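Next come the chains, spelled out residue by residue.
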Amino acid sequence: MAKTEKISRIGKMPIALPAGVTVDFKDGVCTVKGPKGQLSQQITGHIDIVVDGAECRVVKTQNTKEDMALHGLYRALVSNMVTGVTAGFEKKLKIAGMGWKAEAAGNKLTLHVGYSHPVVFEAPQGIKIECENPQLIKVSGIDKVVVGQTASDIRKVRKPEPYHGFGISYEDEQIQRKEGKTGAKGKK
């Protein structure tokens, strides 16, 4: 019985490069430049990135178990970098609570979410935070990982609770609601 080579379904797909995007791979670092900026990613293992015209491929040079595991991961990371430098990423958060609100000024976000003091959150470099209205926060940037982590950190300030639904949640997140306590009616 011959041993077949395992290929990642994600890893073998080519990445389309839009006009104005360049991909460079030197000394284990992949750099993607585009209209919105530049991103870099360290590539480990026996992985090579080949640019052929208007598309880019992530190729494994050896068939070790470790390289097979990294093949699809690095293809997804490079694809996210290409999307980031062309279109960017954004996450929206909504605030639910009586009198709770958010205010953005520069790179600082001030949250009034039921504590005795306002919580000031400073955005990392390369991240833009806007408040479309006092109950809606928009986090945007070119790095998908940093945008997601920043949105998660803002959500951690006041996680949504299941009884009344108060808290900071993602715009498309469904909060599983609980019934709460019911009084014993009719008992004496």
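Above this note sits the structure.
By convention here, each chain's residues receive numbers from 1 onward along its written sequence. Confidence filtering applies because this is a predicted model: local features only for residues at pLDDT of at least 70, side-chain atom pairs given and counted only at 80 or more, and all residues used for totals across whole chains, interfaces and linings. Water and hydrogen atoms play no part in the side-chain values, which are based on all heavy atoms of the structure.

Our focus in this paragraph is the overall build of the protein. Numbered from the N terminus, helices here are DSSP runs of H or I no shorter than four residues, and strands are runs of E no shorter than two. The helix and strand tally for the protein stands at two helices and 13 strands. In this setup the radius of gyration rests on C-alpha atoms only. A globule is expected at 2.2 Å times the number of residues raised to 0.38. Its C-alpha atoms give the protein a radius of gyration of 23 Å, clearly above 16 Å, the size a compact globule of 188 residues would have. With the C-alpha coordinates of the protein rotated into their principal frame, the extents come out at 80 × 50 × 25 Å. Across the 188 residues of the protein, 32% fall into the buried class. When contacts within the protein are restricted to residue pairs at least 6 apart in sequence, those whose partners lie at least 24 apart make up 51%. With residues, only the protein chains shown are counted as cover, and all accessible areas are computed by Shrake-Rupley using a 1.4 Å probe. On the protein, roughly 12000 Å² of surface is accessible, and the fraction owed to carbon and sulfur atoms is 51%. Residues scored as positive are Lys and Arg, those scored as negative are Asp and Glu, and His as well as the terminal groups of each chain are ignored. Charge coordinates come from a single atom per side chain, which is NZ of Lys, CZ of Arg, CG of Asp or CD of Glu. Of the charged side chains in the protein, 29 are positive and 20 negative, and the gap between their average positions amounts to 10 Å. When a residue's accessible area, from a 1.4 Å probe over protein chains only, is under 20% of the maximum for its type it is buried; when over 50% it is exposed; and in between it is partly exposed. Contacts between residues were defined by any pair of non-hydrogen atoms, one from each residue, lying within 4.5 Å.

This part takes up the packing of aromatic side chains. Aromatic rings from Phe, Tyr and Trp, with only the six-membered ring used for Trp, were paired whenever their centres fell within 6.5 Å, and each pair was classed as stacked if the ring planes differed by under 30 degrees, edge-to-face if by over 60, and tilted otherwise. Here the structure, examined in full by the defined rule, presents one aromatic pair. Relative to phenylalanine 166, the ring of tryptophan 100 lies with its centre 5.9 Å away and its plane at 55 degrees, an arrangement referred to as tilted. Pair noted here: tryptophan 100 is in the loop between β7 (89–96) and β8 (101–105) and phenylalanine 166 is in the loop between α2 (144–157) and β13 (167–170), with a separation of 66 residues, a long-range link. Judged by relative accessible area, tryptophan 100 falls into the buried class, the value being 10%. When the ring centre of tyrosine 115 is taken as reference, the NZ or CZ atom of arginine 158 above it lies at 4.6 Å. Comment: the charge-over-ring label is applied if NZ (Lys) or CZ (Arg) is within 6 Å of the ring centre and within 35 degrees of the ring normal.

Let us now look at the nonpolar core. Within the largest apolar cluster, 20 residues are counted, with the highest numbers of intra-cluster contacts made by Leu111, Ile129, Ile137 and Ile154. Secondary-structure elements contributing two or more residues to this core are β7, β9 (108–112), β10 (119–122), β11 (127–133), β12 (136–141) and α2. Ranked by the residues each element gives to this core, the list is headed by α2, at four residues. Non-local contacts of isoleucine 129, meaning those with residues more than four positions away in its chain, are made with Ala104, Gly106, Leu109, Phe121, Ala123, Ile137, Lys138, Val139, Thr150 and Ile154. Among buried residues, those of type Ala, Val, Leu, Ile, Met, Phe, Trp, Tyr and Cys that are joined through side-chain atoms within 4.5 Å constitute a nonpolar core. Counting residues in hydrophobic clusters, the runner-up holds 19 residues, among them Val21, Leu39, Ile43 and Cys56.

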